[in-house]
Amino acid sequence: MLSSEHEWPIGPDGLPTRDAARIILIDEDDRALLVKGHDGSDPKHEWWFTVGGGREPGESAKAAAVRECFEETGYKLDEGALIGPVIYRDSKFYFADRTRRQKEYFFLAKVEGFAVHRDGWSSDEKNLLDDMQWLSLEQIRDIEKRDRIYPESLPNLLQKWLINGWDGRCVKIDEYND
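Summarised in this report is the structure supplied together with it. In this text the structure is predicted, and so the values were computed from the model without any measurement.

A look at the overall build of the chain
1) Next: When you go through the chain residue by residue, the secondary structure sums to four helices and eight strands.
2) Next: When the helices and strands of the chain are listed from N to C terminus, the series reads β-β-β-α-β-β-α-β-α-β-α-β.
3) Next: Taking all 178 residues of the chain together, 47% fall into the buried category.
4) Next: Roughly 9100 Å² of accessible area belongs to the chain as shown, and the carbon and sulfur atoms make up 47% of that amount.

Regarding unusual backbone geometry
Most peptide bonds adopt trans geometry, and most residues besides glycine take a negative phi value.
1) Next: Looking along the chain, the bond that leaves Tyr-150 and enters Pro-151 is cis, with omega of -5°.
2) Next: Checked against the element boundaries, Pro-151 lands in the loop between β7 (148-149) and α4 (154-164).
3) Next: A positive phi angle, close to 60°, is found at Asp-30, a residue other than glycine.
4) Next: Structurally, Asp-30 is set in the loop between β1 (17-26) and β2 (32-39).
5) Next: By relative accessible area, which is 34% here, Asp-30 ends up partly exposed.

Observations concerning the environment of Glu-144
1) Next: Structurally, Glu-144 is set in helix α3 (residues 137-144).
2) Next: Along the primary structure Glu-144 and Trp-47 are separated by 97 residues, whereas in three dimensions their C-alpha atoms are 9.4 Å apart.
3) Next: Excluding anything up to four places from it in sequence, Glu-144 contacts Ile-149 and Pro-155.

Examining the packing of aromatic side chains
1) Next: For the coordinates displayed, the defined rule picks out four aromatic pairs.
2) Next: Residues Trp-47 and Phe-49 carry aromatic rings whose centres are separated by 6.3 Å and whose planes lie at 40° to one another, so their mutual orientation is tilted. As far as the burial class goes, Trp-47 and Phe-49 line up, both buried.
3) Next: Taking the centre distance of 4.9 Å and the plane angle of 50° together, the rings of Tyr-88 and Tyr-105 count as tilted. Taken together, the residues Tyr-88 in strand β4 (residues 83-95) and Tyr-105 in strand β5 (residues 98-110) connect sequence positions 17 residues apart.
4) Next: By the ring-pair criterion, three or more aromatic residues cluster together here, those being Tyr-75, Phe-114 and Trp-134.

Some points on the side chain of Thr-50
1) Next: Tracing the sequence through the fold places Thr-50 in strand β3 (residues 42-54).
2) Next: Given the relative accessible area of 1%, Thr-50 is considered buried.
3) Next: Beyond its immediate sequence surroundings of up to four residues, Thr-50 is in contact with Arg-22, Ile-23, Ile-24, Leu-33, Leu-34, Val-35, Phe-106, Tyr-150 and Leu-154.

Conventions adopted
- Residues numbered from 1 in each chain as written.
- Predicted model: local features only at pLDDT ≥ 70, side-chain atom pairs only at ≥ 80, totals over all residues.
- Heavy atoms only, no water.
- Helix = DSSP H or I, 4+ residues; strand = E, 2+ residues; numbered from the N terminus.
- Buried < 20%, exposed > 50% of the residue type's maximum accessible area, 1.4 Å probe, protein only.
- Areas by Shrake-Rupley, 256 points an atom, 1.4 Å probe, with all protein chains shown as cover.
- Contact = heavy atoms within 4.5 Å.
- Phe/Tyr/Trp six-rings, centres within 6.5 Å; stacked < 30°, edge-to-face > 60°.

In structure tokens:
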């Protein structure tokens, strides 16, 4: 549940805070799987982001990324297929009537394109996730002209990784969007 203290316990700064893990899934045509969602308390507040979500107590970032991938897409991925972490992001944002903080690790995974299955979606995901699409970098660049994409640097990083591969460095991003 979105509002549960288990999922979003109050952090040292007084904000509901959670650790999360995400996957940037890339298919054989160099398309990334992105999710479009909205804020239930403000349906006009929409954005695109990667597959992933909150870590369970004691769960590693890789295990959480694999679990979230399966729950959100129906695709079973092995932890050994994950590259990285490629990004560590500390973000503070307004969502569900309050400012929240999320600390998340992102991984890359090259996969064969697949059809998304939504059978594992929680009630929150069913209410807040609007779309999931395989998108080329050109399509992502077009989307960023009119919609928000998180992390905001994802299109530039994706372009770099598609051209040069991952350089072995975990990029640190701080985004504070209150």
